[in-house]
Amino acid sequence: MEMLQVIRADGGYDSKMEPNLRDEDLQKMYRQMLVIRRFNERMLLLQRQGRIAFFIESTGQEACQIGGAFPLTQSDWVYPGYRDPGMCLVKGVPLKALVDQLMANADDPNKGRQMGVHWGFREWNIVSMSSLVASRLAEAVGTAYAAKIKKDNIVCLTSFGDGATSQGEFHTAMNFAGVFKVPLVFFCENNQYAISMPVRRQTASENIAVKAEAYGFEGVLVDGNDVLAVYKATKAAVDKARSGGGSTLIEAVTYRLGGHSSSDDPTKYRTPEELELWKTRDPIKRFRAYLTTKGLLTQQEDRKLQDEVDLELVRVIKESEKIPPPAHLSMFTDVYAEMPWHIREEADELTREGP
Amino acid sequence: MAVLNIVQTVNQTLRDEMRRNGNMVILGEDVGRNGGVFRATEGLFDEFGGERVVDTPLAEDAIVGMAIGMALYGLQPVAEIQFMDFIYPAFNEIVSELAKLRYRSGGHYPAHVVIRTPYGGGVKGGHYHSQSTEAYFIHTPGLVVLAPSTPADTKGLLLAAMRSPDPVIFLEPKRIYRTLREEVPAEDYLVPIGKARVVQEGRDVTLVSWGAMVQTCTEAAALAAKEKLSVELIDMRSLLPFDIETVLQSVRKTGRLVIAHEATKIAGFGAEISAQVSERAIDSLRAPIVRVTGYDTPFPYGLENMYIPSPERILRAVRKASSY
Amino acid sequence: MVQYEFKLPDIGEGVAEGEILKWLVREGQVVKEDQSLVEVMTDKVNVQIPSPRDGTVTRILAKEGEVVKVGSTILVIDAEESVTSTTPGPQPSPAPDRVLATPATRRLAREMGVDIAQVKGTGPNGRVTEDDLRGGPSLAGQATEPAPPTPGDRIALRGVKKAMAEKMSKSIHTTAQVTLVDEVDMTELVLLREAFRGSADKRGVKLTFLPLIIKAVVPALKEFPYVNSTLDEGSGEVVLRKQYNLGIATDTPAGLMVPVLKDADKKDIFQLSAEIEKLAGAARAGELGLQEVQGSTFTITNLGSIGGLFATPIVNYPEVAILGTHRISKRPVVRDGRIEVRDMMYLSLSFDHRVMDGAYGARFLNRVIDIIQDPKKILSEIL
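Predicted model, so just to flag it, every value in this text is computed and none were measured.

Participant: Quick rundown of the interface of chain B and chain A? Include the residues and the values.
Facilitator: Frequently, the measure chosen for interface size is the accessible area removed from exposure when the parts meet. Listed as interface residues are 37 residues of chain B and, on the opposing side, 35 residues of chain A. It is helix 3 (residues 60-73) of chain B that contributes the most residues to the side of chain B that touches chain A, 10 residues altogether. For the side of chain B that touches chain A, a count of residues per class yields 17 nonpolar, 12 polar and eight charged.

Participant: How would you summarise the sheet that holds strand 10 (residues 205-209) of chain B if you had to cite specific residues and measurements?
Facilitator: Residues and elements named next belong to chain B. What the five strands build is an open sheet, ordered 9-11-10-13-14; its pairing is mixed. The open sheet has two free edges, formed respectively by strand 9 (197-200) and strand 14 (290-294), since each of these has just one partner strand. Adjacent strand axes in the sheet meet at a mean angle of 25°, parallel and antiparallel pairs treated alike. Across the sheet, helix 8 (residues 213-226) is in contact with strand 9, strand 10, strand 11 (231-235) and strand 13 (257-264); its angle to strand 11 comes to roughly 175°.

Participant: Go over the packing of helix 1 (residues 23-48) of chain A against helix 11 (residues 299-322) of chain A with me, naming the residues and quoting the values.
Facilitator: All names here are of chain A. In the contact formed by helix 1 and helix 11, the axes pass within 10 Å of each other and the chain directions differ by 50°. In terms of orientation, helix 1 and helix 11 fall into the oblique class. As helix 1 runs across helix 11, the sense of the crossing is right-handed. Mapping the contact onto sequence places Arg31, Leu34, Val35, Arg38, Phe39 and Arg42 in helix 1 and Leu305, Gln306, Val309, Asp310 and Leu313 in helix 11. The class makeup of the residues in the contact of helix 1 with helix 11 is six nonpolar, one polar and four charged.

Participant: Quick one: what's the story with helix 8 (residues 227-242) of chain A, residue by residue and with numbers?
Facilitator: One turn of the α-helix equals 3.6 residues, which is why residues spaced by three or four share an orientation. Residue and element names in this part refer to chain A. For helix 8, spanning 16 residues, the distance from its first C-alpha to its last is 22 Å, which sits close to the expected 22 Å at 1.5 Å a residue. Those residues of helix 8 that sit buried are Val227, Leu228, Ala229, Val230, Tyr231, Lys232, Ala233, Thr234, Ala237, Val238 and Ala241. Of the residues flanking the end of helix 8, it is Gly244, one or two places downstream, whose phi is positive at about 90°.

Participant: I'd like a description of unusual backbone geometry, backed by residues and values.
Facilitator: For the bond from Leu240 of chain B to Pro241 of chain B, the omega torsion is -10°, close enough to zero to count as cis. Counting through the fold element by element, Pro241 of chain B comes out in the loop between strand 12 (238-240) and helix 9 (244-254). For the bond running from Tyr317 of chain C to Pro318 of chain C, omega is 10°, close enough to zero to count as cis. Turning to its location among the elements, Pro318 of chain C is positioned in the loop between strand 16 (298-302) and strand 17 (321-325). Of note in the backbone geometry, Gln192 of chain A takes a positive phi value of approximately 80° without being a glycine. With respect to the helices, strands and loops of the structure, Gln192 of chain A is situated in the loop between strand 4 (184-190) and strand 5 (193-194). Phi at Asn125 of chain C is positive, roughly 60°, even though this residue is not glycine. Tracing the backbone shows Asn125 of chain C in the loop between helix 1 (103-112) and helix 2 (130-134).

Participant: Residue-level account of the sheet that holds strand 8 (residues 248-253) of chain A, with values.
Facilitator: All names here are of chain A. Pairing within the open sheet is parallel, and its six strands lie in the order 1-7-8-4-3-2. At either margin of the open sheet sits one strand with a lone partner, and together these are strand 1 (3-4) and strand 2 (77-79). Here strand 7 (residues 218-223) pairs with strand 8 via six bridges, running parallel. Across the sheet, residue Leu221 finds its bridge partner in strand 8, namely Glu251.

Participant: Outline the interface of chain B and chain C, supporting the account with residue identities and numerical values.
Facilitator: Listed as interface residues are seven residues of chain B and, on the opposing side, four residues of chain C. Here the side of chain B that touches chain C is built from residues that sort into three nonpolar, two polar and two charged.

Participant: Provide a residue-level description of the confidence of the model for chain C, including the pertinent values.
Facilitator: All names here are of chain C. Mean pLDDT over chain C: 83, with 87% of residues reaching 70 or higher. Under a pLDDT of 50 for its full length, residues 82-95 has, in the predicted model, nine contacts with residues more than four places off or in other chains. Across residues 137-144 the pLDDT falls below 50, and counting only partners more than four positions away or on other chains, this stretch makes nine contacts in the model. In the model output, the complex is listed with pTM 0.70 alongside ipTM 0.93.

Participant: Which residues make up helix 4 (residues 95-103) of chain A, and what are the values?
Facilitator: All names here are of chain A. Counting buried residues along helix 4, eight of its nine residues qualify, which places the element largely inside the surrounding structure. Within helix 4, burial applies to Leu95, Ala97, Leu98, Val99, Asp100, Gln101, Leu102 and Met103. Close packing links the buried residues of helix 4 with helix 1, helix 3 (85-91) and helix 11. At the exit of helix 4 stands Ala104, carrying a positive phi of roughly 50°.

Participant: Residue-level account of the pairing of strand 4 of chain A, with values.
Facilitator: All names here are of chain A. Taking burial as the measure, the seven residues of strand 4 include seven buried ones, the bulk of the element. Across the two faces of strand 4 the burial is the same, with Leu184, Phe186, Cys188 and Asn190 and Val185, Phe187 and Glu189 all buried. Here six bridges tie strand 3 (residues 156-161) to strand 4, and the two strands are oriented parallel to one another. Among the inter-strand pairings, Ser159 is bridged to a residue of strand 4, identified as Phe187. Of the crossover connections in this fold, the one passing from strand 3 over helix 6 (residues 168-180) to the parallel strand 4 is right-handed. One ladder, built from six bridges, connects strand 4 with strand 8; its direction is parallel. Note that in strand 8 the partner of Val185 across the bridge is Thr248.

Rules and cut-offs
Residues numbered from 1 in each chain as written. Chains lettered and ligands numbered in written order. Predicted model: local features only at pLDDT ≥ 70, side-chain atom pairs only at ≥ 80, totals over all residues. Contact = placed C-beta atoms within 7 Å. Helix = DSSP H or I, 4+ residues; strand = E, 2+ residues; numbered from the N terminus. Nonpolar A, V, L, I, M, F, W, Y, C, P; charged D, E, K, R; others polar. Pairing = 2+ DSSP bridges. Axes fitted to C-alpha atoms, helices over the stretch in contact; angles between N-to-C directions. Parallel < 35°, antiparallel > 145°, perpendicular 65-115°, else oblique. Left-handed = near helix turned anticlockwise from the far one by under 90°. Expected span 1.5 Å × (residues − 1). Buried ≥ 20, exposed ≤ 12 C-beta atoms within 10 Å, placed from the backbone. pLDDT = per-residue confidence, 0-100. Right-handed = clockwise from strand over helix to strand, strands pointing away.

If you want it as structure tokens, here you go:
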């Protein structure tokens with residue numbers, strides 16, 4: 001299977017392959033990639049400082065997140081994974097909302113209930129995720145199906161990793177998607193590892209994209225560190241879905257530059273040589289080179305941009321840290337639409353007697 | 001008003017609601033063209049088409065997952081799991097996703113899905129067509145678990161379920177699907193979720209049950225009456241949330257409680273009711289609480305009739321409670 | 001430790017008594033077996049009596065110079081071992097066994113103020129049953145009628161009687177009770193009752209004066225809420241009760257019981273009658289449930305049928321007031337300057353002066369009397 005690529009690792013590109021994007025879009029994409037990169041670095045630091053309890057970084061996967069979400073409209077639905085804060089950003093979620101979720105403070109629309117990096121923002125049609133990596137796939141099928149029969153011009157995209165493709169739920173969801181021909185993009189970010197499990201031992205298939213054939217629709221292999229290639233492939237899949245063409249499985253080949261999570265030490269199962277190799281394929285470095293070549297970014301502008309991004313991050317974090325945690329009674333609401341007597345009793349007990 | 005059995009009631013109620021609510025969708029295995037293996041969805045495919053009455057491939061996890069995605073988008077899905085025994089592939093979707101979506105999203109993503117599933121033994125179905133595992137779901141906060149015992153209650157509870165903002169596991173008592181017939185009002189009515197029903201009043205012993213067992217308990221109560229034992233029979237109807245107040249009021253009157261369920265004894269719902277009554281009405285108890293249940297074994301095939309509590313076994317429990 | 005009573009032994013040769021000459025030990029002294037305790041003089045000989053035990057002398061029961069009969073106890077020794085002596089001392093009471101009783105029975109015992117450990121259980125394994133508490137006929141059906149009280153008897157206060165004793169005492173000692181007495185002209189009410197007798201019979205209820213009086217009392221309670229209140233001693237707050245649950249003092253074979261008529265304001269006179277009959281019956285049969293004796297906010301007691309002009313009833317603590325009704329008798333009274341014979345009755349209102357004063361009580365009583373004397377007001381209550 002051929003891997004779709006537009007920009008090579010060294011920044012050189014095939015002009016025939018360039019997608020149809022305006023200059024400001026390209027610059028916007030770059031900025032967003034930068035924001036996510038800095039966000040990752042900063043939040044990991046915060047975790048090490050004990051200012052947030054847990055974090056999962058997506059360093060190295062910025063092209064997947066930005067390129068994968070860029071083709072979507074406001075009303076399209078996304079079922080992201082924990083490594084996709086960038087998709088939330090592209091959809092319009094403010095940086096502060098991402099930080100609020102990590103801090104589980106009272107501003108978090110999820111009421112601080114979930115462990116960090118479990119993104120969910122109703123206002124931007126981003127569905128709240130669980131920690132079970134493949135459960136959302138069938139749900140995405142359901143949403144796509146609903147949009148289809150309602151004849152809404154809506155596409156659904158769900159993002160997941162290479163590890164999730166081993167779960168039964170991946171297979172039953174793909175099968176349903178094929179049978180019902182729903183407007184859904186299965187976006188697999190193959191970052192080569194599921195915690196410590198390398199992808200070559202996760203599946204015996206030659207790659208992940210090829211699995212789509214078993215379910216009756218197209219699988220596309222894409223250089224996941226090339227934001228334009230990712231954009232191109234996703235745009236094509238989104239357009240196909242929107243025009244009634246059904247689902248596509250996109251495998252974006254990328255690399256997880258950091259550990260699985262703030263509790264993981266990847267040096268236990270990866271070689272430094274491998275890491276160095278993938279660093280040369282860094283998606284931001286690559287895109288920066290491209291933009292520079294195209295005269296869309298100077299070193300000065302880049303410097304200025306990075307400073308702006310850093311400043312904004314610091315400001316947002318400062319603001320978020322001021323927000324207190326949610327009230328203790330929020331533990332008892334939203335279990336049901338209306339609080340039943342047996343939960344009310346427990347809430348009253350906690351209020352009366354303390355923890 | 002028509003005289004209907006339970007499966008006819010399910011069929012009629014689904015049909016009425018499909019007509020009333022254009023956002024309602026039915027999905028499951030064999031529910032469309034085949035009308036459901038128990039005929040519960042008979043005729044619905046013809047009336048509403050394949051987009052709204054969806055024959056799915058064989059994957060319970062994706063059935064429930066898909067239903068969730070539909071609900072989040074704004075449809076009202078009613079998924080069928082062909083036998084409660086087949087629900088386990090979907091257990092993750094139910095427990096991790098369905099039950100927690102409203103909560104984890106801060107109230108923004110209510111997953112109002114109804115999962116209808118025939119449960120219980122007495123149909124010569126052996127281990128995998130006879131289970132009553134309501135306890136797994138009652139133990140999951142965020143779910144509503146309902147178990148009607150009569151055609152009239154089936155309609156009222158199913159309508160309540162389909163209009164509820166919360167996810168519902170709707171347990172249909174398949175062994176009495178066709179044997180129990182009664183007048184079911186034609187007009188729209190809801191049975192309130194979370195409210196038990198006093199089937200008959202009595203003075204001496206409180207007998208609590210739900211689903212198909214209520215029938216058996218009615219027979220047991222009649223046998224008890226012949227021995228001058230006046231049984232107050234309560235049908236829980238709603239297993240989560242449950243109406244403990246009705247049970248307590250009765251126990252304060254009689255002082256004696258028997259709980260009957262065909263589900264296995266250990267950690268069955270009877271244990272929860274027993275704990276609740278001990279906590280809240282200990283001073284009223286004149287005798288230990290007695291449970292009459294399925295044995296703590298897999299559901300047998302050949303010896304099925306010995307497994308499910310009989311009216312006689314329930315009567316013995318009533319005698320035991322009243323003679324302490 | 002065994003209290004060993006040392007009795008003057010038969011020294012022999014037909015001696016029937018002896019004189020204590022000299023004590024050789026003191027109280028509190030530790031003695032050994034065979035140690036001489038006392039010198040005794042008989043007709044025939046002087047003897048020294050040795051101790052039969054090791055132990056401590058706890059009591060010396062005869063004085064020097066005293067003549068004691070053979071066999072009478074002269075000394076008590078706290079002996080080391082418990083031995084089978086010819087005259088065993090009083091046995092220490094055995095550690096009380098755990099009482100077997102269901103939670104419902106224990107609760108009933110608490111309510112009745114009965115120490116369940118003192119009740120003999122006639123249930124399986126000696127379990128105390130509710131019948132055992134009530135002192136009514138046991139499940140086994142043995143109906144042993146208690147013997148009529150005879151002078152010289154010692155009758156323990158048990159069960160209902162004990163509860164009553166404690167309740168009455170507590171009421172008097174806690175509250176500042178005053179009794180206000182007034183008379184009421186019952187003539188109109190008597191006629192009203194006659195008028196309603198037919199309807200009552202049709203409903204199968206016996207209509208006494210009590211429901212009619214309740215119908216006069218309830219509106220008065222509504223107008224004078226302090227009469228239907230209770231003093232929360234802990235917070236120092238008077239709690240004006242929202243419900244009108246009337247305690248009806250009832251004489252039963254077991255003693256005085258006060259079943260409660262709940263929500264008297266919500267029932268008509270026939271419902272009140274029926275319920276009063278039911279409660280009285282249950283009370284006399286000893287079948288009142290816990291719900292039926294709890295929660296009263298005001299009590300009415302009637303001694304009229306038995307005797308007395310009026311009384312000073314004791315407030316059913318923690319209520320604030322109690323109304324006593326009495327004998328209705330025809331008496332000459334002055335009406336508009338003329339003497340008429342009317343059916344007259346005294347009403348005694350005892351109340352807790354910590355919560356309300358005489359003026360308030362009098363106004364309350366006036367209102368009750370006002371309604372009773374003008375039964376049209378009762379009728380409007382019924383309708």
